[in-house]
Amino acid sequence: METLIDNWVLACYVDDVPENGGACVKLGDEQIAVFNFTRRGEWFATQNLCPHKQQMVLSRGMIGSTGENCEPKVACPFHKNTFSLLSGQCLTNEELSIKTYGIRVENGKVFISI
Amino acid sequence: MIKPTIIVVGNGMVGYKFCEKLVSKSSGFNIIVFGEEPRQAYDRVHLSEYFNGKSADDLSMSTREWYDEQGIMLRLGDPVQEINRTTKTVHSLLGVSIQYDYLVLATGSSAFVPDIPGIEKDGVFVYRTIEDLELIKAYAANAKTGAVMGGGLLGLEAAKALIDLGIEDTHVIEFAPRLMPRQIDSAGSGMLQSKLKELGLNVHLNKSTSYIGGTHKIDALHFNDESLLPVDMLVISAGIRPRDEIAKLAGLQVGTRGGIMVNDKMQTSDESIFAIGECALYEGMIYGLVAPGYEMADIVVSQLTGGSKLFYPYDMSTKLKLIGVDVASFGDAFITEPDCRTIVFEDTHKGIYKRINITIDGQYLLGGILIGDADAYNMLLQTVNNKLVLPPNPEDLILGSRGGAESEGAGIMSLPDDALICSCEAVNKATICSSVTDLGITDINGIKKCTKAGTGCGGCVPLVKDLIAGTMKANGQYIKNVLCEHFEYSRQELYDLVKINNIKNYDLVLDHFGHGDGCEVCKPAVASILSSLWNDVIVKQDTIQDSNDRFLANIQKGGTYSVVPRIPGGEITPDKLIVIGQVAKQYGLYTKITGGQRIDLFGAHLNDLPDIWEQLIEAGFESGHAYGKALRTVKSCVGSTWCRFGLHDSVSFAIEIEDRYKGIRAPHKLKGGVSGCIRECAEAKSKDFGVIATEKGWNLYVCGNGGSKPQHAELFATDIDKETLVKYLDRFLMFYIKTAEPLSRTATWLNKMDGGLAYLKNVVINDSLGICGQLEEEMQALVNTYHCEWKEVIEDPALRKRFTHFVNAPEEKDPSVQFEPMREQVKAKW
Ligand code: SRM
Ligand SMILES: Cc1cc2nc3c(=O)[nH]c(=O)nc-3n(C[C@H](O)[C@H](O)[C@H](O)COP(=O)(O)OP(=O)(O)OC[C@H]3O[C@@H](n4cnc5c(N)ncnc54)[C@H](O)[C@@H]3O)c2cc1C
Ligand code: SF4
Ligand code: FES
């Protein structure tokens, strides 16, 4: 693994992740969902596991935004629970939430802080 | 400051609700829960759905993590055995002793098992926990006949469950002279009994069982009247017995017939000990329903957090669920003349019985019974509970509201503000209306989230929806079918806009006609419009597709995918069958013949999909679009080529039609069928379009479907030739594609269409809108641009690369996917 200071780990390359969509990367034993929100020029990273029914699928979900502040979110493909990409809070079921990770892009490489 | 410790004994529905309510009000307590069952609290009310495919997880009321997050210590499988009131300590089975400041007993009830000789035999069950259901299910696999002892609410539910488990010969034994003796009168019971008979349930009234026959396992029920009924299994549903054993042992006051006595604060005879739910005896009454239990939980939370809420006798109105016959009773169902006036409506032909009891002066509704049609239940219950003044002709309430929804809607808005709408979560009308008016919430999910109304048994959801619509109307808000928060247009409007402006990708559609970044509702809806208009390869815009469309396969539990090659009309060569077998073997796939006359291969890893399809395409297969809102199958019967009754060659015609419309995307999926004669072996009338051979040609039927709301297709044209039929189909399908709401099947589309079938015929057959030429052209354009999307993928390395689980380790498969063996194949383990 290519590691920078502060636990930034090379996750993948920019063109590995489809525009306005997500992909899953493997870091050690962990599965992390990386989202390339081209429309907003932003990147996000969260756990890949959907806490609703424990399915490893969030990276395959559709992203979008909601509300007046255009909160970025991802919808789980299974039962369409949606999660804020900023806070990880589930927007459709107060009891659920997911982990989010720091993410940054340099020279075509995507780094995640864990 | 040290937090006071609350120990909750029992992690059932009410025990859980108590925890939920307490932590939402205060974080000032240290909460410890002891549960006897091995799993955390689940929805016992919907227990029977366990037989209809719901898993224990689905029924669970929360997750293990939830307890952790709330700092609640949950000890499952560890019942409390003793309470020491002097030292304020509980002792558990596994040897734990903990001191409490307050103790909450939520131990519920167990099934009452009468003392009948032979009751201990194998094959005799109760119906209360998931474990009970597991035992029943296993035993039922080898049983042919079954009986339920007890014809009450629960007994009938259990009987229906036995039928659903495949016990065709199921009996209900009731001691009383009528069914559901606590809820309905004998006239209602008679009507119910005949309805149940249609469902295959045999009811025996006035029967008391003297002993249960059989050597080790049950083989018959013997009755006091010397008669007997041979059965392979028995489910006892003869009432409930409150679990008061540890309370009794600790010297708390209990009722003579069981139950822990409580006052209106839910305190037992020891003021630091409370009892709630089905174990609590309030004013001589055990409430065997969940709503009063939740109310009790609320009272204790209020008492502990400085409030002063008290419990009042609770409404016991009920509506029977699941059985397939509507049954409801509400208010005072049994009061008779001369204490009231009773109005009865009976229709033996349709099996409807309705009775309402009103005050002598005709002003108020007191209660009633509904059998066969309980649509009016919610509104009638509200009328009783809120003492609404009755209309001049109270019989209108039950005589089938021909005026329809209109008058009922007005009724709902006239309810007082404090009318209880959701009794599970105690949400009143004012709370719902103000969420609409003040918080701008306009859909049921929003209301569920912000008020919790409708999240319990779900029975109030139609009422809540009516309230939302009513409030919006009253506020002068225009209710328009917009796509979602990002588009102020209906699907049809957007379809026309995209077409006229010749726009071909989602981002441009959003830039031109929407705002924000889109979402999981508008993305697939627009994707479907783009596809219906331009028929481009959908995976080129993969991230706006619903998950199944994005990976051209249906995602399943555990995250694997299925592979369904097209087998037009269900006709397949031996060579192709062999290839399917080989591919399935090579990739370890579970294979099954589907209900659509083709073969589904389940359990494929995302990474393997392109290789699997490469082999299938090599052998001449194409995508079956089982994942798309597109044409699925055109089912056929063998027809005149082999069948002695066949009038025409239904297989050839089915293949022709399937090949014509394959790959075409629509607002929802499309299915067709072609039968060779009126015997209808292809079930064409249960499809979006069905064709049946006649002496003179073919009959065309449209807008049918199976699924959750089955509806037969309606006759559209008779004795037409093939060419005319295809022409009508082209027009019909294209008109549907252009005008239906997202995710609405053809039947729903027709049901909502102004003018209905007559209008549709006028448009498609008589060209009343003058658009038929255009419809045909548009359809022909889609037919001409057909492509197998899997072929496009396997031939394009860039598209192929997208089928990986880890982008940084493309060779690796998802390690969380696991299988276990089942009948010489595999199934997903998760
Ligand atoms: C495989 C199959 C069951 C089987 O083992 O037989 C099946 C499996 C699924 N059905 Fe079905 N249906 C299958 C025949 C049917 C039928 C019977 C038929 O086609 O004759 C029906 C009732 C007829 C009808 O459609 O009107 C049927 C009514 C549904 C519905 C309810 C549709 C409705 O309008 O109410 C859904 C849900 C939906 O589409 O939104 C559904 C959805 C599904 C999905 C796609 C659920 C999903 O999104 O994951 C299942 C995917 C399985 C998979 O992973 O591949 N399936 N499904 C059948 C595949 C047929 C095929 O060859 O393509
Ligand atoms: C099949 C079925 C259908 C039903 N349908 C409806 C319906 O349609 N509408 C409706 O309102 N109600 C219905 N009910 C009734 C409803 O489920 C109950 O009213 C509700 O579950 C009561 O909740 P409770 O928490 O008091 O008891 P329970 O849910 O029974 O929970 C009590 C828990 O305490 C545990 N326990 C007992 N003793 C101890 C101990 N000493 N230590 C630790 N744990 C202990 C028990 O094992 C149990 O898990 C139905 C019930 C069944 C079985
Ligand atoms: S529908 Fe008619 S032709 Fe087809 S199999 Fe049945 S009887 Fe034969
Ligand atoms: S598994 Fe994600 S929403 Fe259900």
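Parameters and conventions
- Residues numbered from 1 in each chain as written.
- Chains lettered and ligands numbered in written order.
- Predicted model: local features only at pLDDT ≥ 70, side-chain atom pairs only at ≥ 80, totals over all residues.
- Heavy atoms only, no water.
- Salt bridge = Lys/Arg side-chain N within 4 Å of Asp/Glu carboxyl O.
- Helix = DSSP H or I, 4+ residues; strand = E, 2+ residues; numbered from the N terminus.
- Buried < 20%, exposed > 50% of the residue type's maximum accessible area, 1.4 Å probe, protein only.
- Contact = heavy atoms within 4.5 Å.
- Buried area = accessible area lost by both parts, 1.4 Å probe.
- Polar contact = N/O pair within 3.5 Å; in protein donor to acceptor, adjacent residues only side chain to side chain.
- Nonpolar A, V, L, I, M, F, W, Y, C, P; charged D, E, K, R; others polar.
- Near = heavy atom within 4 Å.
- Domains from an automatic or database assignment.
- Pairing = 2+ DSSP bridges.
- Right-handed = clockwise from strand over helix to strand, strands pointing away.
- 1 Å grid on protein atoms, 1.4 Å probe; cavity = no way out; pocket = protein on both sides within 12 Å on 5 of 7 lines; lining within 4 Å.
- Points joined across faces, edges and corners; volume = space filled by probe spheres on them.

## What to know about the pattern of salt bridges
- A complete count under the given rule lists 50 salt bridges over all chains for this structure.
- For Asp546(B), the salt bridge goes to Lys80(A), with nearest N and O atoms at 2.7 Å. Taken as a pair, Asp546(B) in the loop between α16 (522-534) and α17 (547-550) and Lys80(A) in the loop between β8 (71-75) and β9 (82-84) lie in two separate chains rather than in one.
- Given a relative accessible area of 25%, Asp546(B) falls into the partly exposed group.

## Here we look at the interface of chain A and chain B
- The interface is formed by 44 residues belonging to chain A together with 47 residues belonging to chain B.
- Summing the contributions of chain A and of chain B, the shared interface buries around 3400 Å²; its carbon and sulfur component is 45%.
- Considering only the surface of chain A that becomes buried against chain B, Arg39(A), Arg60(A) and Met62(A) emerge as the three largest contributors, covering 24% of it.
- For Arg40(A), the salt bridge is made with Asp517(B), and the minimal N-O distance between the two is 2.6 Å.
- Summed over the shared surface of chain A and chain B, the number is 29 residue pairs in polar contact (both at pLDDT 80 or more).
- By residue number, the principal contributor to the side of chain A that touches chain B is strand β2 (residues 21-27) of chain A, which donates seven residues.
- Class assignment of the residues belonging to the side of chain A that touches chain B gives a composition of 17 nonpolar, 15 polar and 12 charged.

## Topic: the site of ligand 1
All names here are of chain B.
- Residues in contact with ligand 1 amount to 21 residues; listed here are only the nearest, Ser562, Gly595, Arg598, Lys687 and Gly706.
- Side-chain polar atom of Lys671 to an oxygen atom of ligand 1: 2.8 Å apart, as the coordinates give it.
- Residue Lys687 places a side-chain N or O atom 2.7 Å away from an oxygen atom belonging to ligand 1.
- For the shell around ligand 1, the residue count by class is two nonpolar, 12 polar and seven charged.
- Counting only domains with at least three residues in the shell around ligand 1, you end up with domain 3 (563-623 + 788-830) and domain 4 (629-786).

## Topic: the side chain of Asp608(B)
All names here are of chain B.
- Structurally, Asp608 can be placed in the loop between β31 (599-604) and α19 (609-618).
- Overall, the relative accessible area of 10% leaves Asp608 in the buried class.
- Among the polar contacts made by the side chain of Asp608, one reaches the side chain of Lys813 at a distance of 3.1 Å.
- Beyond its immediate stretch of four places on either side in the chain, Asp608 contacts Tyr587 and Lys813.

## Overview of the pairing of strand β2 (residues 30-34) of chain B
Residue and element names in this part refer to chain B.
- β2 sits mainly inside the fold: four of its five residues count as buried.
- Pairing geometry for strand β1 (residues 5-9) and β2, over five bridges, is parallel. What sits directly across from Val9, in β2, is Phe34.
- As a crossover connection, the stretch from β1 through helix α1 (residues 13-25) into β2 is right-handed.
- Direction of pairing for β2 relative to strand β3 (residues 73-75): parallel, over a ladder of three bridges. Note that in β3 the partner of Val33 across the bridge is Leu74.

## Re empty space enclosed by the protein
Residues and elements named next belong to chain B.
- Going through the model one piece at a time under the given rule, you end up with three cavities of 30 Å³ or more.
- Quantified by volume, the largest cavity comes out at close to 60 Å³.
- In terms of lining residues, the largest cavity is bounded by Asn535, His625, Arg660, Lys662, Gly663, Ile664, Arg665, Leu782, Val783, Tyr786, His787 and Glu789.
- Of the residues contributing to the lining of the largest cavity, the split by class is four nonpolar, four polar and four charged.
- Reported here for the second largest cavity is a volume of approximately 50 Å³.
- What lines the second largest cavity is simply Val539, Asp542, Arg550, Phe551, Val793, Leu799, Arg802 and Phe803.

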